[in-house]
Amino acid sequence: MATSLEEALTPLVSAAAQNAGLKVIESKAAKGFNDTPTAQFTLALAGDESKKEHLELSSAFDFARPDLQAELKTYFAESTKRLRNPKPDSYVTLTGIPLTFENWRWPFHRSTSGADTYIVHGECRLEDGKDSPLHAKVSGSMTVTFAEIVLAPEQPFSEGFIYNAVRKTMDQGQLELVKSGNRQPVPVTTRYYSSKQKKFVFNDTDEQQRQDYIAAKLYWLSGVLGDMQPVWTLDPRDAQYLNTTVEDLRKTVESLAGEGILQLSKDTEYATATAALMDHHAEYESELADALAFLKPSFNEDMRGGHTNM
């Protein structure tokens, strides 16, 4: 009797999850793009099943490949720490927009339009604490050249840089949050990767920008959305997004703690917003309004009225 993909992967995923302090609470067979067989897993913190995330792997994925093991271990370990956040799927952009990433369907698939790219679909939603309907349906595209850099076109190896590419595209005003609409492209090319340094590069930031970012992250994810619960401040995805290191992020966080902007937890990796930070409510709301206005397409009003010089 043939073993299904789900049956084959479940013990491997369960073992890796358990080693990281997670547990598989659900597994099921599914289908990706073009009905490609996938296996979907719901992972939760071992001590708190209310904190959970989804993992989807394809039939082409070889979980036992030796060259993937270190990255897989890192993925599960980071997931454990991220799941301690009040909203594990929520992030903040450099321009001050809080977002939740949802409904991503892995892995990448080859483009059906004839383009020489790999595609993954998902959504990001404005998470401002007001049940906003604004969201963006995303079509992340990875060039064939870029794909050679990635260990595997699967969620554990691609989710981080795709989320950062979405944030970067939004920072550039090239991704609009709407009430309804078609998928919007988020291209990922070798411009996001330094072959010399062997790392992803999204934004060059200075210390002040990093302080502003961490403060905004704590304001939104701990203060507004997290009921003043601790948030992981040393997320490697943020370090990648800001083109810095986790150790430099630690210094930034400690500096903000010294200023009373945030309160460090005992393990110093997590922090909560302080009353002093939350007093800047009007500033963060204004920053968000400006960022959302920046995302809206602008038109030449003369051309809209038919006054062209051709």
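About the criteria used
Residues numbered from 1 in each chain as written. Predicted model: local features only at pLDDT ≥ 70, side-chain atom pairs only at ≥ 80, totals over all residues. Heavy atoms only, no water. Pairing = 2+ DSSP bridges. Helix = DSSP H or I, 4+ residues; strand = E, 2+ residues; numbered from the N terminus. Contact = heavy atoms within 4.5 Å. Core = buried A, V, L, I, M, F, W, Y, C linked by side-chain atoms within 4.5 Å. Buried < 20%, exposed > 50% of the residue type's maximum accessible area, 1.4 Å probe, protein only. Polar contact = N/O pair within 3.5 Å; in protein donor to acceptor, adjacent residues only side chain to side chain. Axes fitted to C-alpha atoms, helices over the stretch in contact; angles between N-to-C directions. Parallel < 35°, antiparallel > 145°, perpendicular 65-115°, else oblique. Nonpolar A, V, L, I, M, F, W, Y, C, P; charged D, E, K, R; others polar. Salt bridge = Lys/Arg side-chain N within 4 Å of Asp/Glu carboxyl O.

A.B. asks: Would you mind going over the sheet that holds strand E12 (residues 262-264) with me for this structure?
C.D. replies: Through backbone hydrogen bonds, the strands of a sheet pair up, either in parallel or in antiparallel fashion. Taken in spatial order, the 3 strands line up as E11-E13-E12 in an open sheet, and their pairing is antiparallel. A strand with exactly one partner marks an edge of an open sheet, and here the two such strands are strand E11 (231-232) and E12. Sheet topology note: the E12/strand E13 (residues 270-273) ladder contains 3 bridges and is antiparallel. What sits directly across from Gln-263, in E13, is Thr-272.

A.B. asks: Before we go on, may I ask you to explain the environment of Asp-204 in this structure?
C.D. replies: By the secondary structure assignment, Asp-204 is in the loop between strand E10 (199-200) and helix H5 (207-224). With 40 residues separating them in the primary sequence, Asp-204 and Thr-244 have C-alpha atoms 8.2 Å apart. Residues within four places of Asp-204 in sequence aside, it is in contact with Gln-209 and Asn-243.

A.B. asks: I'm lost on the nonpolar core in this one. Help?
C.D. replies: One finds Phe-76, Ile-97 and Leu-177 to be the most contacted residues of the largest nonpolar core, which totals 81 residues. Ranked by the residues each element gives to this core, the list is headed by H5, at 8 residues. Contact partners of Leu-177, with chain neighbours within four places excluded, come to Ile-97, Leu-99, Cys-124, Leu-126, Leu-134, His-135, Ala-136, Met-170, Leu-292 and Leu-295.

A.B. asks: Just checking my understanding: could you explain the side chain of His-135 for this structure?
C.D. replies: Note on placement: His-135 falls in strand E7 (residues 135-143). Among the residues examined, His-135 registers a relative accessible area of 14% and is labelled buried. A distance of 3.0 Å separates a polar atom in the side chain of His-135 from the backbone oxygen of Pro-133. Residues within four places of His-135 in sequence aside, it is in contact with Glu-123, Cys-124, Arg-125, Glu-176, Leu-177, Val-178, Lys-179 and Ser-180.

A.B. asks: Which parts of the structure should I look at to understand the environment of Gly-226?
C.D. replies: Position of Gly-226 relative to the elements: it lies in the loop between H5 and E11. Owing to a relative accessible area of 1%, Gly-226 belongs among the buried residues under this scheme. Spatially, the C-alpha atoms of Gly-226 and Thr-272 are 9.1 Å apart, while their sequence positions differ by 46 residues. Gly-226 has contacts with Pro-86, Trp-220 and Leu-221, leaving out every residue within four places of it along the chain.

A.B. asks: What is the right way to read unusual backbone geometry from this model?
C.D. replies: With glycine set apart, most residues show a phi of negative sign, and most peptide bonds adopt trans. Here the residue pair Trp-106 and Pro-107 is connected by a cis peptide bond, since its omega of 0° sits within 30 degrees of zero. Within the secondary structure, Pro-107 is located in strand E5 (residues 98-110). Phi is positive for Asn-103, close to 60°, though the residue is something other than glycine. Take Asn-103: it is sitting in strand E5.

A.B. asks: How should the packing of helix H2 (residues 69-82) against helix H4 (residues 155-171) be read in this particular structure?
C.D. replies: Helix packing geometry: the angle between the two helix axes and the distance between the axes. Put simply, H2 and H4 touch, their axes get as near as 9 Å, and they point 60° apart. Taken together, the axis directions place H2 and H4 in an arrangement best described as oblique. For the pair formed by H2 and H4, the contact residues are Glu-71, Leu-72 and Tyr-75 on the first element and Gln-155, Pro-156, Phe-157 and Glu-159 on the second. Here the residues of the contact of H2 with H4 are counted per class, giving 4 nonpolar, 1 polar and 2 charged.

A.B. asks: Where do I start with the pattern of salt bridges in this structure?
C.D. replies: If charged atoms from side chains of opposite charge come close, those side chains can pair. In total, this model carries 17 salt bridges according to the counting rule given. The closest approach of N and O atoms between Arg-65 and Asp-67, which form a salt bridge, is 2.6 Å. With a relative accessible area of 28%, Arg-65 lands in the partly exposed category. Residues Asp-267 and Arg-84 are paired through a salt bridge, measuring 3.5 Å at the closest nitrogen-oxygen approach. Of this pair, Asp-267 sits in the loop between E12 and E13 while Arg-84 is found in the loop between H2 and strand E4 (90-92), placing the two residues 183 residues apart along the sequence. Take Arg-84: its relative accessible area is 42%, and that puts it in the partly exposed class.

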